[in-house]
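A closer look at the structure
If you want the building blocks of each chain, they are given just below.
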Amino acid sequence: MTQRAKIDQNGPDRAGPAIDAGAELDPVHPVRPPAPRFKPAGLTTTEVAERVARGEVNDVPVRSSRATVDIVRGNVFTRFNAIIGVLWVIMLIVAPIQDSLFGFVIVANTGIGIIQELRAKKTLDGLAVIGEAKPSVRRDGRTAEISTSEIVLGDVIELGPGDKVVVDGSVGEADNLEIDESLLTGEADPVLKKPGDQVMSGSFVVAGGGAFTATKVGREAYAAQLAEEASRFTLVHSELRSGISTILKYVTWMMIPTSIGLIISQLVVKENNLGDAIARTVGGIVPMIPEGLVLLTSVAFAVGVIRLGRKQCLVQELPAIEGLARVDVVCLDKTGTLTEGGMDVTELRALGGTDPAYVKKVLGALGESDPRPNASLQAIIDAYPDSAEWRCTESLPFSSARKYSGASFSEGDGENNTWLLGAPDVLLPAGDPALDEISGLNEQGLRVLLLARSARELDDAAVATAVRPTALVVLEQRLRPEAADTLRYFDDQDVKAKVISGDNAVSVGAVAGKLGLPGAENTVDARRLPAERADMVTVLDENSVFGRVTPQQKRDMVGALQSKGHTVAMTGDGVNDVLALKDADIGVSMGSGSEATRAVAQIVLLNNSFSTLPAVVAEGRRVIGNITRVATLFLTKTVYSVLLAILVVCSQVEYPFLPRHLTLLSTLTIGIPAFFLALAPNKERARPHFVKRVMRYAIPGGAIAGTATFVTYLIARHYYTGPDSLKAETSAATLTLFLTSMWVLAIIARPYTWWRVGLVGAMGGAFLIVLVVPWLQDFFQLKLEGVTMPWIAVAVAAGAAALIEFTFRWVNRRFPA
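Residues numbered from 1 in each chain as written. Predicted model: local features only at pLDDT ≥ 70, side-chain atom pairs only at ≥ 80, totals over all residues. Heavy atoms only, no water.

1. Looking at the overall build of the protein chain
Of regular secondary structure, the protein chain possesses 27 helices and 21 strands. Considering only contacts in the protein chain between residues 6 or more positions apart, those separated by 24 or more positions represent 73%. Per element, the accessible surface of the protein chain, about 33,400 Å² overall, is 58% carbon and sulfur. (Helix = DSSP H or I, 4+ residues; strand = E, 2+ residues; numbered from the N terminus. Contact = heavy atoms within 4.5 Å. Areas by Shrake-Rupley, 256 points an atom, 1.4 Å probe, with all protein chains shown as cover.)

2. Some points on the pattern of salt bridges
Within this structure, the stated rule accounts for 25 salt bridges. Notably, a salt bridge pairs Asp 155 with Arg 139, separated by 2.7 Å at the nearest N-O pair. With Asp 155 in the loop between strand S2 (142-145) and strand S3 (156-159) and Arg 139 in strand S1 (residues 136-139), this pair connects stretches of sequence that are 16 residues apart. What makes Asp 155 buried here is its relative accessible area of 0%. (Salt bridge = Lys/Arg side-chain N within 4 Å of Asp/Glu carboxyl O. Buried < 20%, exposed > 50% of the residue type's maximum accessible area, 1.4 Å probe, protein only.)

3. Quick notes on helix H8 (residues 274-285)
Residues lying three or four places apart along an α-helix face the same way, a consequence of the helix completing one turn every 3.6 residues. Helix length check: H8 (12 residues) gives 17 Å between terminal C-alpha atoms against 16 Å at 1.5 Å per residue, within 8%. Most of H8 is tucked away, with nine of its 12 residues classed as buried. Considered for burial, the residues of H8 that qualify are Asp 276, Ala 277, Ala 279, Arg 280, Thr 281, Val 282, Gly 283, Gly 284 and Ile 285. (Expected span 1.5 Å × (residues − 1).)

4. Structural notes on the packing of aromatic side chains
Tallied over the full model, the rule gives 11 aromatic pairs. Centre to centre, the rings of Tyr 358 and Trp 390 are 6.0 Å apart; their planes meet at 50 degrees, and the pair counts as tilted. Here Tyr 358 is found in helix H11 (residues 356-369), whereas its partner Trp 390 is found in the loop between helix H12 (375-383) and strand S11 (391-396), with 32 residues between them in sequence. A relative accessible area of 8% means that Trp 390 is categorised as buried. (Phe/Tyr/Trp six-rings, centres within 6.5 Å; stacked < 30°, edge-to-face > 60°.)

5. Focus: the nonpolar core
Note on soluble globular proteins: their nonpolar side chains tend to be buried together. Counting residues in each nonpolar core, the largest one holds 88 residues, and the members touching the most others are Ile 627, Phe 690 and Phe 767. Each residue touching Phe 690, except ones within four places of it in the same chain, is listed here: Glu 239, Leu 240, Gly 243, Ile 244, Ile 247, Ile 627, Thr 628 and Ala 631. In this structure, Leu 308, Val 330, Ala 483 and Ala 615 belong to the second largest nonpolar core, which totals 39 residues. (Core = buried A, V, L, I, M, F, W, Y, C linked by side-chain atoms within 4.5 Å.)

6. Topic: the packing of helix H23 (residues 690-719) against helix H27 (residues 788-814)
The geometry of H23 relative to H27 is characterised by a closest axis approach of 9 Å and an angle of 165 degrees between their N-to-C directions. By the angle between their directions, the pair H23 and H27 is classed as roughly antiparallel. Crossing hand, H23 versus H27: right-handed. Facing H23, whose interface residues are Arg 696, Tyr 697, Pro 700, Gly 701, Ile 704, Ala 708, Thr 712, Ile 715, Ala 716 and Tyr 719, H27 presents Thr 788, Met 789, Ile 792, Ala 793, Val 796, Ala 800, Leu 803, Ile 804, Thr 807, Phe 808, Val 811 and Asn 812. Partitioned by chemical class, the residues of the contact of H23 with H27 number 16 nonpolar, five polar and one charged. (Axes fitted to C-alpha atoms, helices over the stretch in contact; angles between N-to-C directions. Parallel < 35°, antiparallel > 145°, perpendicular 65-115°, else oblique. Left-handed = near helix turned anticlockwise from the far one by under 90°. Nonpolar A, V, L, I, M, F, W, Y, C, P; charged D, E, K, R; others polar.)

7. Some points on the sheet that holds strand S20 (residues 586-590)
An order of S8-S21-S20-S19-S9-S16-S18-S17 is seen for the eight strands of this open sheet, with the pairing classed as mixed. The open sheet has two edge strands with one neighbour each: strand S8 (313-315) and strand S17 (523-525). Neighbour-to-neighbour, the strand axes of the sheet open up by a mean angle of 20 degrees, direction not taken into account. Pairing between S8 and strand S21 (residues 603-605): three bridges, direction antiparallel. (Pairing = 2+ DSSP bridges.)

8. Notes on a nonpolar patch on the surface
On the surface, Val 86, Val 89, Ile 90, Leu 92, Ile 93, Val 94, Ile 97 and Phe 104 cluster together into a nonpolar patch covering about 700 Å² of accessible area. Judged by relative accessible area, which is 67%, Ile 93 ranks as exposed. (Patch = residues over 30% accessible without salt bridge, like charges linked within 9 Å, V, L, I, M, F, W, Y side chains within 5 Å.)

9. Some thoughts on the side chain of Thr 638
The residue Thr 638 is located in helix H21 (residues 613-651) in this model. For Thr 638, a relative accessible area of 2% translates into the label buried.

10. Remarks on the packing of helix H7 (residues 239-269) against H8
The geometry of H7 relative to H8 is characterised by a closest axis approach of 9 Å and an angle of 155 degrees between their N-to-C directions. Here H7 is positioned roughly antiparallel relative to H8, judged by the angle of their axes. Classified by chirality, the crossing of H8 by H7 is right-handed. When H7 is examined against H8, the residues Met 255, Ser 259, Leu 262, Ile 263, Gln 266 and Leu 267 are found in contact with a partner set consisting of Leu 274, Ala 277, Arg 280, Thr 281, Gly 284 and Ile 285.

11. Side note on unusual backbone geometry
A cis amide bond, omega -5 degrees, links Arg 750 with the succeeding residue Pro 751. Note that Pro 751 resides in the loop between helix H24 (725-748) and helix H25 (754-772). A positive phi angle, near 60 degrees, is found at Asp 494, a position not held by glycine. With respect to the helices and strands, the residue Asp 494 is situated in the loop between helix H15 (483-492) and strand S16 (496-500). We classify Asp 494 as partly exposed; its relative accessible area is 44%. In the Ramachandran plot, Gln 781 falls in the positive-phi region, its phi being about 55 degrees despite a non-glycine side chain. Its location among the elements puts Gln 781 in the loop between helix H26 (774-780) and H27. Look at Gln 781 and you get partly exposed, because its relative accessible area is 29%.

12. A word on H21
The end-to-end C-alpha separation of H21 is 57 Å, in line with the 57 Å expected for 39 residues at 1.5 Å each. In terms of residue burial, H21 counts as a mostly covered element, since 32 of its 39 residues are buried. One or two positions beyond H21, positive phi appears at Gln 652, with a value near 55 degrees.

13. Observations regarding the pairing of strand S19 (residues 568-572)
Across the five residues that make up S19, a large majority, five, are buried. Across the two faces of S19 the burial is the same, with Val 568, Met 570 and Gly 572 and Ala 569 and Thr 571 all buried. Bridge count for S19 against S20 is four bridges, and the pairing is parallel. Directly across from Ala 569, in S20, lies its bridge partner Ile 586. Handedness of the crossover joining S19 and S20 through helix H19 (residues 578-583) is recorded here as right-handed. (Right-handed = clockwise from strand over helix to strand, strands pointing away.)

Okay, here's the thing in structure tokens:
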């Protein structure tokens, strides 16, 4: 059978002068350059080679991860690394190597961060190749899928439903080609393209098909650069990162006056020993910097990316891991998400005495008329292959907005008929007897399509009115075996699932009911949804299943839920899901979905397994919960360091610690434990207000630890006398600060497991070794003198620990977050 469609007769074959691919358009009075000659067979191999030699290649690098140089730069060239680097150089000049250990620790930490992010990059780049869109390009009269980066100027690129326009171009063939340019222009309505019209990269096909000639490729296509930036793996805004940035900003402002005061006071107190004054000043400044907090956040995210990569989950934006953990509403498209992509025809019911054999001929011809059938039509093609030598005079591809497709045929006996295939409740008026029969099938979760004959031309806007029903095609959808468990997981985690589908509402409700979704029995037909956002939110909150939802309604529903303060995730795989995926807080696409959905989604499930989502949620919760824990440790240190510096400045005494002392304390009470805690399993539900939740513990904890340490130091200054008394005073103060910090660590490590108890015990044992091994005593200048003062230090620490325990519990009750 020969397939034809209504095409502008001057379109595919017309000739025109070639245009400059880099020509600029006046943004105010755009004058489109003449379209280049469209070559239906595409370029020849020789022409492709010539364009490659001239550099006319789509060479915009589409990466899923940051470049290696950006990873190194992001980990090395930080504000705090610059401060520590300067202080490190100073200490290498004026003090023993023991007081420069903090610099080596920073180098090691930075190296760990770089290695982990490079591992994450390798994982992502490998997954990105699997999920990369490969457009169909005509060359030498044949069509083949090639990488986007291999497209050259003048290539002929074919388009079909769901395909993303990857470069700018001029349409050469158009078969009811409808392009959605909303991601570029904000206009929601698809644009019908005809030969000679321009298409822009970043738009996508919603219906029909065609081909276009690439007129701008590579960096000359500005829209292509925007599309690349939109879908690139980036360290974009997230509550976790913005919260840490806010904290670091305030820490910087606290450090400046405190450090100046400390420098002046130590130079005055130690006027005869400049080197020791500088060492103690640096010892006071360095611990104010929560240098490992940003590092551990990056490491936690990177490890999360690697773990999810092993599950064939491509995370296109880092905060998506965090975002999905914060989601409290997940909107699910039925087809392709809860059900598998394929369908099976289970029954064909002829209506009105129509001959079933004739109906099968019509269905076979309809299948042949669409070069890019959707899942429903593909099932019909498989069941009823084309056997009639009919001539297709006009075709209308399926559109999610229309809910039907169609074709006109010259049937060989001189008769011409127009046929429509689509949603019965859209094609038939309310109250039609056929709808009663369909309702019973929908209640069984079956999908029903109506084959109807129209008395109008296919290009008539009223073609779907007053049609004559001819047959019902009953389709059975294949439920994903893992869908029920995944929905149960979300319900257990208090995440509300909303099924939003373009299918018949009763059928959608039946499918949701089979999967055990709460509220599936109260399905809402989206055609009756209120237009006002406030009223829509009320209906959305009260119901869980929605049918006959248009693409624009999906977008409106996501926006309505967000306006109520919900964090919304949207899953889908079809072109009708793109707008909602783009607007949702987290967009999740199936790997088998259309190019457009994969391009706008933050997470792509390459294995097409809905069951991967709980793993993503769990990974996000691990990252958020653990970073909150370790942030408390780091910022407690910052608070007590600032407080100690202020007390020293006000008291005009020597700063009690050298850099080596605080390097030891930071390593044992924060650095090593934080690394393990940041990567540990954590199933706590993600909660908002990161800064508030961290600072409500860090401020009182740091204040108590700093005050207890200074009290011990003052007592020791009165207890010890003699030229070497400062070393004994420092040892006593160090003991108090270590024990107090260990209690903060013990609280943060809860709930206890064998390895957490072992971690805390190991850190205590390491400090004990330093106190009893002679050469370590000398190396760190730590030696407890006598019996009375060390026990006083322990007593002060015990009192401080009890106060911290009480304060933390009181804060948890008084200021819940």
